[in-house]
Structures are given as C-alpha cells and as structure tokens.
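What follows is each chain in one-letter form.
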Amino acid sequence: DVKVTQSSRYLVKRTGEKVFLECVQDMDHENMFWYRQDPGLGLRLIYFSYDVKMKEKGDIPEGYSVSREKKERFSLILESASTNQTSMYLCASSRQGAIRNTIYFGEGSWLTVV
Amino acid sequence: SQQGEEDPQALSIQEGENATMNCSYKTSINNLQWYRQNSGRGLVHLILIRSNEREKHSGRLRVTLDTSKKSSSLLITASRAADTASYFCATGLNTGFQKLVFGTGTRLLVSP
C-alpha cells in the first residue's frame, strides 16, 4: 500500500516562528502536493511538485515555501508563522502522467499558531 | 471560488438507508473523483469517473456524472455506521497537469 507519512500530527508554534512540515512517501511517486484544510473552505492547494527540485504554486502560496531535495520528501515551510496559518495541513502524492491518477494523502498535521 | 460544491453540507440517516450526495462544478473537467475523510484524518480515494463516463459502481458506491449539467452524485447504498465521514468531490481539470480541485464536502452521519 502507498504510504504518505507526515512527521508531525500536532504542532503548536508561536507567531513569527519558522515552521517545517515534513512529508515522505514510499511509492516512488513523482508528484507531491501540500494542501491546507479549513472548515467551510475545503482543501486548498498551496504548492505542488512534479519532480525533484521542481515546484509550482498552487492557489494559496502566500506565506509558504516548499523544498523537494529528494524524490520521496516534500517539505512545507512557513517562513514566519502567523495565526491565520492555524489549520490542518495535508500532504499527498501521486504518480506522474495521467491526470486520472489517484492522489494518496497523509494523515494530516494540525498546526496551531499562537 | 471552489470548483466543486457539495450538497447537502450535512446529512443524517439511519443504518440501512441510502445516502446521496451531490457535487456541482463550474468548468470543463477531465475526471471527477470522490474521496472520504474520517474525522481528523487524511483523505482516502473512493472512486474516479471519467468525463466520458455516465455511471460507475464500486461495491456499495454508485457515482453518476452529467457533464451537461456539470454535476455528479455519490450514492452509498445500505449505509453503515462506519460510513460516517466527510465526503469530498474533486474535479480533475484539463490543465495538462494533474491538479484536483476539491469541494467543501458533505458530512455524513449514519446512526445505528
């Protein structure tokens, strides 16, 4: 089975801190994604990557950056955390190619910024 | 704005009943997928229907797609308490790259 592992399930950070959310997948997938999920807003795409060292902005990239130095790992970085970034963050991966490929999600990281 | 909008936002039924959730979208799509999310967990893929398909079945799930109305429905037959979860539709856009746009979800509660 595909496994997408997010390193932290629950984090509490202070405003202004730099925050790293780590994600690892074990299925050699080319594509990786970071979403955030908020009540009433559903899932919104922050960034995605279709290859090592490649990244593309999603719908809400402001305040975030990403890093993909290895194929299996995709990190989301909050350069200076703010309270409006309190949310659930979901990492996902999929195979490259057909747009019809299933996306596999991690269990999510609950981030609270105080 | 969201590409997919689910209706209803919340649905409460008894075990054994059928549950129907609807999804409407705005632009041309390549495919439409349904995902399930248990409370506080990640999303799990349920079923994918391509834009040239009208109906698809998987176990107790039945999905329909009407591209002329830009809508889809997910039917769960003979529901069980374990079906309690949020259900999301996601539209795969014709962007040349795999990008799914998720709706806001339907919260389903199945009571024993």
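This write-up is about the structure you can find in this document. (Residues numbered from 1 in each chain as written. Chains lettered and ligands numbered in written order. Predicted model: local features only at pLDDT ≥ 70, side-chain atom pairs only at ≥ 80, totals over all residues. Heavy atoms only, no water.)

1. Here's the deal with the interface of chain A and chain B
Consideration 1: Counting residues at the interface gives 28 residues for chain A and 23 residues for chain B.
Consideration 2: In total, about 2,000 Å² of surface goes out of reach between chain A and chain B, with carbon and sulfur atoms giving 55% of it.
Consideration 3: Across the chain A-chain B interface, the total number found is 1 salt bridge.
Consideration 4: Across the salt bridge formed by Arg 41 of chain B and Glu 107 of chain A, the nearest N and O atoms sit 2.2 Å from each other.
Consideration 5: When residues of the side of chain A that touches chain B are traced back to their parent elements, those giving at least two are β5 (31–38), β6 (42–49) and β10 (87–94) of chain A.
Consideration 6: Examining the composition of the side of chain A that touches chain B, we find that 5 residues originate from one element, β6 of chain A, more than from any other.
Consideration 7: By residue class, the composition of the side of chain A that touches chain B is 14 nonpolar, 8 polar and 6 charged. (Contact = heavy atoms within 4.5 Å. Buried area = accessible area lost by both parts, 1.4 Å probe. Salt bridge = Lys/Arg side-chain N within 4 Å of Asp/Glu carboxyl O. Helix = DSSP H or I, 4+ residues; strand = E, 2+ residues; numbered from the N terminus. Nonpolar A, V, L, I, M, F, W, Y, C, P; charged D, E, K, R; others polar.)

2. Let's talk about the environment of Thr 83 of chain A
Residues and elements named next belong to chain A.
Consideration 1: Position of Thr 83 relative to the elements: it lies in the loop between β9 (73–78) and β10.
Consideration 2: Separated by 29 residues in sequence, Thr 83 and Thr 112 have C-alpha atoms that sit 7.5 Å apart.
Consideration 3: Those residues in contact with Thr 83 that sit more than four places away from it in its chain are Thr 15 and Val 113.

3. Describing the packing of aromatic side chains
Consideration 1: In this structure the tally under the stated criterion is 8 aromatic pairs over all chains.
Consideration 2: Ring centres of Phe 105 of chain A and Tyr 35 of chain B lie 5.8 Å apart, and the angle between their planes is 85°; this geometry places the pair in the edge-to-face category. Of the two residues, Phe 105 of chain A is situated in strand β11 (residues 104–105) and Tyr 35 of chain B in strand β4 (residues 29–37); the pairing between them involves two chains. For the pair formed by Phe 105 of chain A and Tyr 35 of chain B, the shared burial category is buried. (Phe/Tyr/Trp six-rings, centres within 6.5 Å; stacked < 30°, edge-to-face > 60°. Buried < 20%, exposed > 50% of the residue type's maximum accessible area, 1.4 Å probe, protein only.)

4. What about the pattern of salt bridges?
Consideration 1: Applying the stated criterion across every chain yields a total of 11 salt bridges over all chains.
Consideration 2: Between Lys 71 of chain A and Asp 28 of chain A there is a salt bridge, with its nearest N and O atoms 3.1 Å apart. Taken together, the residues span a long stretch of sequence, with Lys 71 of chain A in the loop between β8 (64–70) and β9 and Asp 28 of chain A in the loop between β4 (23–25) and β5 at a distance of 43 residues.
Consideration 3: The class for Asp 28 of chain A is exposed, based on a relative accessible area of 52%.
Consideration 4: Where Arg 60 of chain B meets Asp 83 of chain B, a salt bridge forms, and the shortest distance between an N and an O atom there is 2.9 Å. With Arg 60 of chain B in the loop between β6 (55–58) and β7 (61–66) and Asp 83 of chain B in the loop between β8 (71–76) and β9 (85–93), the pair connects residues that are 23 residues apart, well separated along the chain.

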